[in-house]
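Structure assessment
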Amino acid sequence: MVTAVHGSDTTRIRRGISMCLLAMLIFASQDGITKLLVRDFSVAQLLMVRYWTFLLAAIAFLAWRGDARAPTRSSMPLLQVLRALLALGEAALFGWGLRYLGLAESHALFAVFPLLTLSLAGVLLGEAIGLRHWVAAVVGFIGTLVILRPGFGLFEPAALIPLLAALTFAAYNLLSRRISQADSFATNLLYMALVGAVASTCFGIPVWQPPSPTEWALLGVYAVTGMIAHLLLIKALEYAPAAVLQPFNYSLLVFASLVGLLAFGEFPDTWTIAGAALVLAGGMYAARAR
């Protein structure tokens, strides 16, 4: 009987890992599409299309559940709005950074966000942070410096953009942790979609450029793939604990590097590879130290 349960748990965990890896592959492919689109369109226009697609899907999902009104009631609406704006800001910053940086370099710098989340949780929320976690944060910080190479005449100011995106995403994660204890998933979903759609529209309409049929197709794939990847992550967490999945989230860097190489001929230099290895080592060590 015990063996059967163990086998069932193993199957569920493997299924969760597979979904997580597939989500990371889709995210990397979406970033490749973003890099293509930001050549001709503003990031605001891209996010406007993405969030209106997200909002329509969220409304359809809530209507299907017969739960369209209850999610509008939040116990902390101001924090919900701030959280949604942070998510929008992170997406805008990362997309903006792709104008100037390769996929591998952008993701190598962005990969520091779990360590930033850890550090901010200790400073802002007063959560206990052990020595191993601080060691992991220092290792990740050193890896970031290796990628940036300040003082060597090779530093690009644009490299700060994905770092700022990582900091914004870390703050978003902290707010999500707090809000999820009080509001339902449906409420979180609706606020994220509605606030994001309204805010992106305010910036997207003034810079709107009519897409060609091919560009509309790319915009559609860009919008839909993001939702699919997020749903896969949510489903993956139903099958496997977050602590088990966290190391596999770093596969995003590998997939992004492959997309950058195959689609754009980008190949990360030795410094980026070395720095990314340190950032990943710090993140993996932090995950194991929990």
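Residues numbered from 1 in each chain as written. Predicted model: local features only at pLDDT ≥ 70, side-chain atom pairs only at ≥ 80, totals over all residues. Heavy atoms only, no water.

**Quick notes on the nonpolar core**
- Among the nonpolar cores identified, the biggest contains 45 residues, and Leu103, Leu109, Val112 and Leu245 are the most heavily contacted of them.
- Top element by residues in this core is helix α1 (residues 2-37). It accounts for eight residues.
- Among all residues touching Val112, those that are not within four sequence positions of it are Gly140, Thr144, Leu163, Ala166 and Val279.
- Phe41, Leu47, Leu189 and Leu219 belong to the second-largest nonpolar core, a separate cluster that totals 29 residues. (Core = buried A, V, L, I, M, F, W, Y, C linked by side-chain atoms within 4.5 Å. Buried < 20%, exposed > 50% of the residue type's maximum accessible area, 1.4 Å probe, protein only. Helix = DSSP H or I, 4+ residues; strand = E, 2+ residues; numbered from the N terminus. Contact = heavy atoms within 4.5 Å.)

**Details of the side chain of Ser74**
- Topologically, Ser74 is positioned in the loop between α2 (43-64) and α3 (77-97).
- Of note is the side chain of Ser74, whose polar atom sits 3.1 Å from the backbone nitrogen of Met76.
- Side chain to side chain, Ser74 and Asp183 meet in a polar contact 2.5 Å long.
- The contacts of Ser74, once residues within four sequence positions are left out, are Gln80, Asp183, Thr187 and Tyr191. (Polar contact = N/O pair within 3.5 Å; in protein donor to acceptor, adjacent residues only side chain to side chain.)

**Brief notes about the packing of aromatic side chains**
- A complete count under the given rule lists 10 aromatic pairs for this structure.
- With a centroid separation of 6.3 Å and an interplanar angle of 35°, the aromatic rings of Phe61 and Trp64 are classed as tilted. Residue Phe61 and its partner Trp64 are located together in helix α2, separated by three residues, close to a single helical turn.
- Residue class for Trp64 comes out exposed when judged on its relative accessible area of 70%.
- Summarising the aromatic geometry, the rings of Trp208 and Trp216 are spaced 5.9 Å apart at their centres and angled 45° between planes, so their arrangement reads as tilted.
- The exposure class of Trp208 is partly exposed, given its relative accessible area of 32%.
- Judged by its relative accessible area of 43%, Trp216 is partly exposed.
- Three or more aromatic residues joined by ring pairs make a cluster, and in this case those are Phe94, Phe110, Phe113, Phe169 and Tyr172.
- Positioned above the aromatic ring of Phe264 is the side chain of Lys35, whose terminal nitrogen or guanidinium carbon lies 5.9 Å from the ring centre. (Phe/Tyr/Trp six-rings, centres within 6.5 Å; stacked < 30°, edge-to-face > 60°. Lys NZ or Arg CZ within 6 Å of the ring centre and 35° of its normal.)

**Things to note about the packing of α2 against α3**
- Taken N-terminus to C-terminus, the directions of α2 and α3 make an angle of 135°; their axes are 10 Å apart at the nearest point. The angle between α2 and α3 places the two elements in the oblique class. Read as a crossing pair, α2 and α3 show a hand that is right-handed. Facing α2, whose interface residues are Val43, Leu47, Arg50 and Tyr51, α3 presents Ala87, Leu88, Ala91, Ala92, Gly95 and Trp96.
- Grouping the constituent residues of the contact of α2 with α3 by class yields eight nonpolar, one polar and one charged. (Axes fitted to C-alpha atoms, helices over the stretch in contact; angles between N-to-C directions. Parallel < 35°, antiparallel > 145°, perpendicular 65-115°, else oblique. Left-handed = near helix turned anticlockwise from the far one by under 90°. Nonpolar A, V, L, I, M, F, W, Y, C, P; charged D, E, K, R; others polar.)

**Remarks on helix α8 (residues 185-204)**
- The terminal C-alpha atoms of α8, which comprises 20 residues, lie 27 Å apart, in line with the 28 Å expected from a rise of 1.5 Å per residue.
- Among the 20 residues in α8, 15 count as buried, and that is most of the element. (Expected span 1.5 Å × (residues − 1).)

**Details of the layout of surface pockets**
- In this model, the second largest pocket occupies a volume close to 290 Å³.
- Val112, Leu116, Ser119, Ala137 and Phe141 are the residues nearest the centre of the second largest pocket, which is lined by 15 residues in total.
- Elements represented by at least two residues in the lining of the second largest pocket include exactly α5 (113-124), α6 (131-148) and α7 (160-179).
- Counting residues per element, the lining of the second largest pocket draws most heavily on α6, at seven residues.
- Its residues assigned to classes, the lining of the second largest pocket comprises 13 nonpolar, two polar and no charged. (1 Å grid on protein atoms, 1.4 Å probe; cavity = no way out; pocket = protein on both sides within 12 Å on 5 of 7 lines; lining within 4 Å. Points joined across faces, edges and corners; volume = space filled by probe spheres on them.)

**Examining a nonpolar patch on the surface**
- Among the surface-exposed residues, Val254, Leu258, Leu261, Leu262, Phe267 and Ile273 lie close enough to one another that they form a single nonpolar patch of about 630 Å² accessible area.
- Looking at the nonpolar patch element by element, the count peaks at four residues for helix α11 (residues 251-264).
- Looking at where Leu261 falls in the secondary structure, it is placed in helix α11.
- For Leu261, a relative accessible area of 37% puts it in the partly exposed group. (Patch = residues over 30% accessible without salt bridge, like charges linked within 9 Å, V, L, I, M, F, W, Y side chains within 5 Å. Areas by Shrake-Rupley, 256 points an atom, 1.4 Å probe, with all protein chains shown as cover. Salt bridge = Lys/Arg side-chain N within 4 Å of Asp/Glu carboxyl O.)

**What to know about the pattern of salt bridges**
- One pass over the full model with this rule turns up two salt bridges.
- In this structure, the salt-bridge partner of Glu266 is Lys35, at a minimum N-O distance of 3.7 Å. Taken as a pair, Glu266 in the loop between α11 and α12 (270-288) and Lys35 in helix α1 lie far apart in primary sequence, 231 residues in all. One exposure class covers both Glu266 and Lys35, and it is buried.
- Salt-bridge contacts for Glu238 lead to Lys235; the nearest nitrogen and oxygen are separated by 3.1 Å. Of the two residues, Glu238 and Lys235 are both situated in helix α9 (residues 213-239); the distance of three residues between them amounts to about one turn of the helix.
- On the accessibility criterion, Lys235 (35% relative accessible area) is partly exposed.

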